[in-house]
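What follows is each chain in one-letter form.
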Amino acid sequence: QQPVQSPQAVILREGEDAVINCSSSKALYSVHWYRQKHGEAPVFLMILLKGGEQKGHEKISASFNEKKQQSSLYLTASQLSYSGTYFCGTEPQGGSEKLVFGKGTKLTVNP
Amino acid sequence: NAGVTQTPKFQVLKTGQSMTLQCAQDMNHEYMSWYRQDPGMGLRLIHYSVGAGITDQGEVPNGYNVSRSTTEDFPLRLLSAAPSQTSVYFCASKTGTGLYGYTFGSGTRLTVV
């Protein structure tokens, strides 16, 4: 069951902030965030585990609300290089390593 | 390290033909997965493996087979190609449980005519 991402698309000017949300109907063990530029493979940004541990890109932050099974990715002071499609992936509790992705959020950062 | 290597990069098949998409990683990663990406659908999990000899189905497994005889290789077989299997296919791998993300290959663009 795919997690639900919102918004589907967002357009920013350089320097503005954005928040991308991801929610699941299942109890989660982990949430992953990836960015994909056009014609390229997805690139890992961050992982958040149930219990509070997280690891990721130094300029990107995220949160994981375990009670609501929701995660948010915070992009602050956006740069042109932040443009791309952002995907969240969720792994259910039980540690199956079955990572299922949402449909993505397309972020465009303009000068 | 080459990372995750997928071959071929492009392929055109006729309906009913079979083929194998190759995926190899040189990072000694335990976990490997296959995804397909279609416009507006995100990345959908086809099959995944948590180690040599162990595979399981993902969200959209029909029409695809996998095997994992070694840690390094995780080939995806299309049994009888259909136009609905036209897609970009990504293989990904990661090490262990915990604070690790997946490394993706560069993808195979498959067209079934």
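Refer to the preceding data block for the structure.
From a predicted model like this one, the values you see are computed outputs, not experimental measurements.

So, on to the pattern of salt bridges. All names here are of chain B. Scanning the entire structure with this criterion turns up 2 salt bridges over all chains. In this structure, D38 and R36 form a salt bridge, with 2.9 Å as the shortest nitrogen-oxygen distance. When sorted by exposure, D38 lands in the same class as R36, which is buried. The residue D38 makes a salt bridge to R44 at a minimum N-O spacing of 2.8 Å. Taken together, the salt bridges that share partners define one network made up of R36, D38 and R44.

Attention now moves to the nonpolar core. Among the nonpolar cores identified, the biggest contains 21 residues, and W33, L45, L48, L73, L75, Y86 and L107 of chain A are the most heavily contacted of them. Mapped onto this core, the elements with two or more residues apiece are β2 (9-13), β3 (18-23), β4 (28-36), β5 (43-49), β7 (61-65), β8 (70-75), β9 (84-92) and β11 (105-110) of chain A. Non-local contacts of L45 of chain A, meaning those with residues more than four positions away in its chain, are made with W33, Y34, R35, K55, G56, H57, I60, L73 and Y86 of chain A. If you look at the next biggest cluster of nonpolar residues, it comprises 18 residues, including L13, C23, I46 and L78 of chain B.

Cut-offs applied
Residues numbered from 1 in each chain as written. Chains lettered and ligands numbered in written order. Predicted model: local features only at pLDDT ≥ 70, side-chain atom pairs only at ≥ 80, totals over all residues. Heavy atoms only, no water. Salt bridge = Lys/Arg side-chain N within 4 Å of Asp/Glu carboxyl O. Buried < 20%, exposed > 50% of the residue type's maximum accessible area, 1.4 Å probe, protein only. Core = buried A, V, L, I, M, F, W, Y, C linked by side-chain atoms within 4.5 Å. Helix = DSSP H or I, 4+ residues; strand = E, 2+ residues; numbered from the N terminus. Contact = heavy atoms within 4.5 Å.

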